[in-house]
Amino acid sequence: MNKVFVVGLGPGGAEFMTAQARAALQQADVLCGYTVYLALVQPLYPGKACYATPMTQELDRCRWALERAKAGGTVALVCSGDAGVYGMAGPLLQLAALYPTVAVEVVPGVTAALSGGAVLGAPLGHDFCVISLSDLLTSWAVIEKRLRSAAAGDFAICLYNPSSHKRQGYLRRACEILLAAGKSPATCCGWVKNIGRDGQSEATCTLAELAALENGVVDMFTTVFIGSATTQVVGGRLVTPRGYKKEASCTL
Ligand code: SAH
């Protein structure tokens, strides 16, 4: 079959994969993706052919998958979290226009906003937005505009790619922009590192504390949550109320 599944694996090991993702991997005759994600699923499918590529060669990986499918294969291209959220589904579909004989199926996965949100409690219980702080493919001016807009709309905010070796200090800059845009320094926030993986750790804090975190506490394997004005810490868990009228929340 001339087919590429682009599969979101969820945040960590096998227990986070959907049944749909498992079925796609089972059906494929070759699995391809970034070495680290392949290593997570390889043991589930012993003997299945695998093709690993380094992190930076995303387009090459897509091209390889499409060429292999064109030659008569069924390929599963794996990515972490969801396949479409800062993932490979977009570039794959763009390139797939050049491969009319190849079918592409997007298989969703549990994105870090959801798996990390569950670790902290329910920070995304009302309207929220997701912003990536990576300026590799987006200009910082656009990122800054989106941060200000999110503050103006009082959305709960989930930040992906909050920091990396090359992008130290980005989270602090983002927090300062949000504070300057009127968010309270006391806003309830949190972060989760290595969701679903060895070394998972998490914390809740205020926006002022988030802005003052030492470099390295939050890294590229961390997802950050910044509350709306209504977000609270309840029994140690981060909760953004759904906005029930007062009478209803009295019964909680
Ligand atoms: N497609 C992925 C996102 C890729 S962008 C998804 O849907 O989750 C990479 C960013 O996602 C990281 O910098 C981090 O902010 C977040 N992320 C992905 N997996 C994570 C995990 N297991 N633990 C913490 N953050 C994670």
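No experiment lies behind these values; they were computed from the predicted model shown. (Residues numbered from 1 in each chain as written. Predicted model: local features only at pLDDT ≥ 70, side-chain atom pairs only at ≥ 80, totals over all residues. Heavy atoms only, no water.)

A. Structural context of unusual backbone geometry. Its identity is not glycine, yet Y86 carries a phi of approximately 45°, on the positive side. Examined against the element boundaries, Y86 turns out to sit in the loop between β4 (74-79) and α4 (89-96). Residue Y86 is classed as partly exposed on the basis of its relative accessible area, which comes to 46%. Positive phi is not limited to glycine here, since N161 has a value of about 50°. Mapping N161 onto the fold places it in the loop between β8 (156-160) and α7 (170-180). Judged by its relative accessible area of 28%, N161 is partly exposed. (Helix = DSSP H or I, 4+ residues; strand = E, 2+ residues; numbered from the N terminus. Buried < 20%, exposed > 50% of the residue type's maximum accessible area, 1.4 Å probe, protein only.)

B. Representation of the site of the ligand within the structure. As a matter of local geometry, the ligand sits amid 19 residues, with D82, V85, T111, M220 and T222 nearest to it. S80 places a main-chain nitrogen or oxygen 2.9 Å from a nitrogen atom of the ligand. Contacts to the ligand include A112, whose backbone N or O atom sits 3.0 Å from an oxygen atom. In terms of residue class, the shell around the ligand is built from 10 nonpolar, 7 polar and 2 charged. (Near = heavy atom within 4 Å. Polar contact = N/O pair within 3.5 Å; in protein donor to acceptor, adjacent residues only side chain to side chain. Nonpolar A, V, L, I, M, F, W, Y, C, P; charged D, E, K, R; others polar.)

C. Structural detail: the pattern of salt bridges. Inspection of every chain in the model, using the stated rule, returns 4 salt bridges. For E105, the salt bridge is made with K3, and the minimal N-O distance between the two is 2.6 Å. Here E105, found in strand β5 (residues 103-107), pairs with K3, found in strand β1 (residues 3-8); they are 102 residues apart in sequence, far enough to count as distant. By relative accessible area, E105 is classed as partly exposed at 28%. The residue R148 makes a salt bridge to E144 at a minimum N-O spacing of 2.9 Å. With R148 and E144 both in helix α6 (residues 140-152) and 4 residues apart, this pair spans about one turn of that helix. For E144, a relative accessible area of 23% gives the class partly exposed. (Salt bridge = Lys/Arg side-chain N within 4 Å of Asp/Glu carboxyl O.)

D. Representation of helix α3 (residues 58-70) in the model. For α3, built from 13 residues, the straight-helix expectation of 18 Å at 1.5 Å per residue is met to within 8% by its first-to-last C-alpha distance of 18 Å. Turning to α3, the residues buried within the fold contact β1, β2 (30-34), β3 (49-53), β4, α4 and β5. Where α3 terminates, the next one or two residues include G72, which has phi positive at roughly 115°. (Expected span 1.5 Å × (residues − 1). Contact = heavy atoms within 4.5 Å.)

Don't take any of this as a statement about function, it's just geometry.
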